[in-house]
Amino acid sequence: MKIDLHTHSDRSDGTDTPTELIENAKAAGLEVIAITDHDSTEGWKEADKAAKRVGITLVHGIEISTKLEGKSVHLLGYEFDPKDKPLLHELRKVIDGRNSRLPATLERLRGLGIDITAHDVRVRSTNAAATGRPHVADALIDLGVVKDRTEAFDRYLKPGRPAYVDRYAADLTTAIGLVKAAGGKAVLAHPWSRGSHRVLTRDRIGTLKEQGLDGLEVDHNDHGAEDRAALRQIARDLGLVRTGSSDYHGTGKIDFPLGGNTTEPEQYRRLLGL
């Protein structure tokens, strides 16, 4: 069984519609796929219909923007109640934070001599629940300023670069609690990517396990072989589920193909209690 538990549609910063995502997953030989758009469940309904039509198992998920000691950490939530009011309230705050920083980001880019407007960005974020930095990056590509999202982030949009603007993100422990209270499962996404290892130490992961964390995304393109081995051992020692995922974004993120990393069937069954 080929299982991919972390993918994105155009309801966040992917480029496939939910239907295209499911069809592409089927074509890639996947039997189970999770749709985990950023801070939103808007793609679930369409993905459900497509999954039933093509004969693939869909796992309902989300990737929540959180912070731990001021550091950005992403949390994957699976099979929770999408109508849970406390969780929805927190997700609305995160989405509002994404949308509210766009004017400041554009102002900084214009201050750098780049002629970019909100319309340029929204052309690229039509179906998304919130307008984010990847959509700004896509607009910069359209304007010929950069060649791809990676260059846009490296030159302008990531922390420390001239057009970066901070925004609201949920407290990690709070987010875990909200996902669990809504009946879901909580897994740390790419826990040692982008410097997150500095706050997600073994001891801290152990504390998060005590607070409800269910698993670690071990096999991810942002993790090298040594990090994967270390995270796998931490998961074993703490009794956490180990997942593997592509973090697919369509053409928005190169070298992250569907099924590029997968989750073992036994771990999948452990996570969802199957």
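What you are looking at is a predicted structure, and each value in this text was computed from that prediction instead of being measured. (Residues numbered from 1 in each chain as written. Predicted model: local features only at pLDDT ≥ 70, side-chain atom pairs only at ≥ 80, totals over all residues. Heavy atoms only, no water.)

**Q** Please explain the overall build of the protein as it appears in this structure.
**A** Assigned secondary structure in the protein consists of 11 helices and 8 strands. For the protein, the spread of C-alpha atoms along the three principal axes comes to 55 × 45 × 40 Å. Counting over 274 residues, the protein shows a buried share of 54%. Taking as baseline every contact in the protein between residues at least 6 positions apart, the subset at least 24 positions apart corresponds to 69%. When the accessible surface of the protein is totalled, it reaches about 11800 Å², and 48% of it is carbon and sulfur. (Helix = DSSP H or I, 4+ residues; strand = E, 2+ residues; numbered from the N terminus. Buried < 20%, exposed > 50% of the residue type's maximum accessible area, 1.4 Å probe, protein only. Contact = heavy atoms within 4.5 Å. Areas by Shrake-Rupley, 256 points an atom, 1.4 Å probe, with all protein chains shown as cover.)

**Q** Explanation requested: the environment of Asp 227 in the structure shown.
**A** Here Asp 227 shows up in helix α10 (residues 225-238). Under the relative-accessibility criterion, Asp 227 is labelled partly exposed at 27%. Sequence separation of Asp 227 and Trp 192 is 35 residues, and the distance between their C-alpha atoms is 7.4 Å.

**Q** Honestly, the pairing of strand β6 (residues 185-188) in this entry has me stumped. Any pointers?
**A** The side chains of a regular strand alternate, residue by residue, between the two faces of the sheet. Note that strand β4 (residues 71-78) and β6 share 4 bridges and pair antiparallel. Of the residues in β6, the one forming a bridge with Leu 76 is Val 187. Judged from the 2 bridges that link them, β6 and strand β7 (residues 215-219) form a sheet pairing that is parallel. Counterpart to Val 187 in the pairing with β7 is Gly 215. Handedness of the β6-helix α9 (residues 202-210)-β7 crossover: right-handed. (Pairing = 2+ DSSP bridges. Right-handed = clockwise from strand over helix to strand, strands pointing away.)

**Q** How do you make sense of the side chain of Asp 247 when you look at a structure like this?
**A** Relative to the elements of secondary structure, Asp 247 occurs in the loop between β8 (241-244) and α11 (265-272). For Asp 247, a relative accessible area of 1% corresponds to the buried category. In this structure the side chain of Asp 247 is engaged in a polar contact, spanning 3.0 Å, whose partner is the side chain of His 220. Leaving out residues up to four positions away in the same chain, Asp 247 has contacts with His 6, His 8, His 190, His 220, Lys 253 and Phe 256. (Polar contact = N/O pair within 3.5 Å; in protein donor to acceptor, adjacent residues only side chain to side chain.)

**Q** So what exactly am I meant to see when it comes to the nonpolar core here?
**A** One broad trend across soluble globular proteins is that nonpolar side chains are buried collectively. Ranked by internal contacts, the top residues of the largest apolar core, which has 45 residues, are Leu 188, Leu 200, Ile 205, Leu 213 and Leu 216. Ranked by the residues each element gives to this core, the list is headed by helix α8 (residues 172-181), at 5 residues. Core analysis: the next-biggest nonpolar cluster, separate from the first, contains 16 residues, Ile 114, Ala 137, Ala 139 and Leu 140 among them. (Core = buried A, V, L, I, M, F, W, Y, C linked by side-chain atoms within 4.5 Å.)

**Q** Can you walk me through unusual backbone geometry in this structure?
**A** Glycine aside, a negative phi is what most residues show, and trans is what most peptide bonds show. The backbone phi angle of His 190 is positive, close to 25°, even though this residue is not glycine. Residue placement: His 190 occurs in the loop between β6 and α9. On the basis of relative accessible area, His 190 is assigned to the buried category, the value being 4%. The backbone of Asp 255 shows a phi angle near 65°, a positive value even though the residue is not glycine. Within the fold, Asp 255 resides in the loop between β8 and α11.

**Q** Even after reading the chapter, I still don't get the pairing of β4, so can you show me in this structure?
**A** The buried count for β4 comes to 6 of 8 residues, which makes it a mostly enclosed element. Note that strand β3 (residues 57-68) and β4 share 8 bridges and pair antiparallel. By the bridge assignment, Gly 61 is partnered in β4 with Tyr 78. Between β3 and β4, which follow one another and run antiparallel, lie 2 residues, and Glu 69 among them has a positive phi close to 50°.

**Q** Just to check I follow, could you spell out α9 for this structure?
**A** The α-helix winds at 3.6 residues per turn, so residues separated by three or four positions along the chain end up facing the same way. Looking only at α9, the buried set comprises Ile 205, Gly 206 and Leu 208. The arc enclosing the buried residues of α9, seen along the axis, measures out at 160°, which places them on a common side. Residues Asp 203 and Glu 210 are exposed on α9 and point more than 90 degrees away from its buried face. Of the surrounding secondary structure, the elements contacted by the buried residues of α9 are α8, β6, β7 and α10. At the exit of α9 stands Gly 212, carrying a positive phi of roughly 120°. (Arc of directions from axis to C-beta.)

**Q** Help me out: how do you make sense of the side chain of Ser 9 in this one?
**A** Along the chain, Ser 9 falls in the loop between β1 (3-4) and α1 (18-27). In contact with Ser 9, not counting residues within four places along its chain, are Gly 14, Asp 16, Thr 17, Pro 18, Leu 21, Ile 35 and Asp 37.

Any functional reading would require information beyond the geometric quantities listed.
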